[in-house]
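Observations on chain architecture
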Amino acid sequence: MAIIPEFLRELMIACSPSGHEFEAQKVVDRYMAKAVDEYRKDTIGNRFAVLKTNDQNPMLMLSGHMDELGFSVTYIDEKGFLSFDAIGGHDRGIIPGRRVRILSQNGNVLGITGKRAVHLLDDDEIDKVPKLHELWIDIGAKSEEEAKKLVRIGDPVVYETPETAIINDTSNVTGRAFDDKAGTYVVMEVIRRLIGEKYALNCNITAVASAQEEVGTRGAINAAYSCMPTVGIAVDVGHATDFPDCNNKRFSKIELGAGPIITRGVNINPIIFDRIIECAEKDNIPYQIEADTRPTGTDARSMQITRGGVPTGLISIPLRYMHTPVEMANLEDIENIIRLICSFARSLKPEDRFEF
Ligand SMILES: [Zn+2]
């Protein structure tokens, strides 16, 4: 039976909306700071775990973002109800009726996202998706004064969702914020697995737990500049398109449990793409190919155009229900991405060239 790795579970439980990644940073610090040759942080909140072999060897940068979606308190009214804005790209239709957790200065404050009950809506409102200012967070306070004792303007908010759990004895696992704490886990786990064989490697590796990806791949901009990679691989989640009403003429065919998604397109260096495929074939790792004709909405976007350009690849974990309170991924896919990136790292040599 499949088991959820403890490092992954702890990352997923950690609440880390963009710009407020504190809980996830602590988990990465605890697992990585003492396990690597060099460990550092920067002023946007990134974490860097470095495996050093030799200065002459190429530097492989791996990036998996540790921030997640959330909300931010924008106003407290005279009755103690909170207005809020979104952090990242939410599906507004599923925001109402949720238990939420406000990460306040004095600890967690619980609330619910309120909306007028269905009986009290006008006919033309019933089929409409509410705007954010038509919703509120109710923390049970009786007044503005009482609410302000618990919450400050700008406090981040996350959905309160069930713990990470395997569903019905499958290798599928459900939980909050696989996007992209699962990617953070993958890049850090690659370093943990390769550190014991580092004298056989011909590359250095910096694994980055990046900040603020959900608001414009911002942490990766700083990270890719400062760690001067020879090669970059971003690890994110990708859409599994095996849902009931999917039209594969619209979306690349991607299934949960069928292996890592390897992206091909303008954001990806074609020589890196070929190398990743070669590694998957050599080590018998299942994979799926996704075409993307635009700069991707991942850290690969920033990495590719840093300094004089970084040859970049993107490998993704198939995910159902992205950007909702409960996502679903597959543990074998996650393990296979770790194996694939280890294989890619072992293949790198100082004489490799990626210009084309
Ligand atoms: Zn995302």
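Rules used in this analysis
- Residues numbered from 1 in each chain as written.
- Predicted model: local features only at pLDDT ≥ 70, side-chain atom pairs only at ≥ 80, totals over all residues.
- Pairing = 2+ DSSP bridges.
- Helix = DSSP H or I, 4+ residues; strand = E, 2+ residues; numbered from the N terminus.
- Contact = placed C-beta atoms within 7 Å.
- Axes fitted to C-alpha atoms, helices over the stretch in contact; angles between N-to-C directions.
- Left-handed = near helix turned anticlockwise from the far one by under 90°.
- Nonpolar A, V, L, I, M, F, W, Y, C, P; charged D, E, K, R; others polar.
- Buried ≥ 20, exposed ≤ 12 C-beta atoms within 10 Å, placed from the backbone.
- Core = buried A, V, L, I, M, F, W, Y, C linked by C-beta atoms within 7 Å.
- Domains from an automatic or database assignment.
- Parallel < 35°, antiparallel > 145°, perpendicular 65-115°, else oblique.
- Expected span 1.5 Å × (residues − 1).
- Arc of directions from axis to C-beta.

Here's the deal with the sheet that holds strand 17 (residues 327-330)
One open sheet holds the 3 strands; their spatial order is 10-11-17, and the pairing between them is antiparallel. Both outer strands of the open sheet, strand 10 (165-166) and strand 17, are each paired with one neighbouring strand and no more. As judged from the 4 bridges shared by strand 11 (residues 172-175) and strand 17, these two strands associate in the antiparallel manner. When the bridges of strand 17 are listed, T174 appears paired with M328. In this fold helix 8 (residues 331-347) packs onto strand 11 and strand 17, with an angle of close to 55° to the strand it touches most, strand 17.

A short note on the packing of helix 1 (residues 6-13) against helix 4 (residues 178-194)
Their axes nearest at 9 Å, the elements helix 1 and helix 4 cross at an angle of 145°. In the packing of helix 1 onto helix 4, the handedness of the crossing is right-handed. Of helix 4, the residues touching helix 1 (which contributes F7, L8, L11 and M12) are F178, K181, A182, T184, Y185 and E189. Of the residues belonging to the contact of helix 1 with helix 4, the class tally is 7 nonpolar, 1 polar and 2 charged.

Concerning unusual backbone geometry
In this structure, the amide linkage connecting D179 to the following residue, D180, adopts the cis form with an omega of 0°. By the element assignment, D180 lies in helix 4. Backbone geometry at A177 places phi at a positive 60°, although glycine is not the residue there. Take A177: there are 29 C-beta atoms within 10 Å of it, and that puts it in the buried class. Of note in the backbone geometry, M228 takes a positive phi value of approximately 45° without being a glycine. On the secondary structure map, M228 appears in the loop between helix 5 (218-226) and strand 13 (231-239). Since 12 C-beta atoms lie within 10 Å of it, M228 is described here as exposed.

Observations concerning the nonpolar core
L62, V190, I315, I341 and A345 are the most contacted members of the largest nonpolar core, which has 93 residues in total. No other element matches the 9 residues that helix 4 contributes to this core. There are two domains that each give this core at least three residues, and those are domain 1 (6-68 + 176-347) and domain 2 (71-159).

Re the packing of helix 6 (residues 270-282) against helix 8
Any two packed helices are characterised by the angle at which their axes cross and by the distance between the axes. Where helix 6 meets helix 8, the axes come as close as 9 Å, and the angle between the chain directions of the two elements is 110°. Relative to helix 8, helix 6 is oriented roughly perpendicular. In this structure, helix 6 meets helix 8 at a crossing whose hand is right-handed. On helix 8, the residues touching R275, I276, C279, A280 and K282 of helix 6 are L340, S343, F344 and S347.

Considerations on the environment of L340
Structurally, L340 can be placed in helix 8. Between the alpha carbons of L340 and V27 there is a distance of 24 Å; along the sequence they are 313 residues apart. Those residues in contact with L340 that sit more than four places away from it in its chain are P260, I276, C279, A280, I285 and I315.

Some remarks on the domain arrangement of the protein chain
Taken domain by domain, the protein chain consists of domain 1 (6-68 + 176-347) and domain 2 (71-159). Each of domain 1 and domain 2 was reduced to a C-alpha centroid, and the two centroids are 32 Å apart. In this assembly, 10 residues from domain 1 lie in contact with 12 residues from domain 2.

Focus: the pairing of strand 7 (residues 107-114)
Direction of pairing for strand 6 (residues 99-104) relative to strand 7: antiparallel, over a ladder of 6 bridges. Counted as the bridge partner of R101 is L110 from strand 7. Between strand 6 and strand 7, which pair antiparallel one after the other, the connecting turn spans 2 residues. With 3 bridges connecting them, strand 7 and strand 8 (residues 136-138) associate as antiparallel partners. Residue I112 lies in a different strand from strand 8, and its bridge partner there is D138.

Considering the sheet that holds strand 2 (residues 47-51)
Strand order across the open sheet formed by 8 strands is 1-2-12-3-13-16-14-15, with mixed pairing between neighbours. What marks the edges here is a single partner per strand, and that holds for strand 1 (38-41) and strand 15 (288-292). Shown here is a sheet whose adjacent strand axes are inclined to one another by a mean of 25°, direction ignored. As paired elements, strand 13 and strand 16 (residues 312-319) share 8 bridges and run parallel to each other.

Regarding helix 6
Between the first and last C-alpha of helix 6 there are 18 Å, a value that for 13 residues agrees with the 18 Å anticipated at 1.5 Å per step. Listing the buried residues of helix 6 in full gives I272, R275, I276, C279 and A280. Seen end-on, helix 6 carries its buried residues on one side only, within an arc spanning 135°. More than 90 degrees from the buried face of helix 6, the exposed residues found are P270, D274, E281 and K282. Of the surrounding secondary structure, the elements contacted by the buried residues of helix 6 are strand 13, strand 14 (261-265), strand 16 and helix 8. Just beyond helix 6, the residue with positive phi is N284, at close to 55°.

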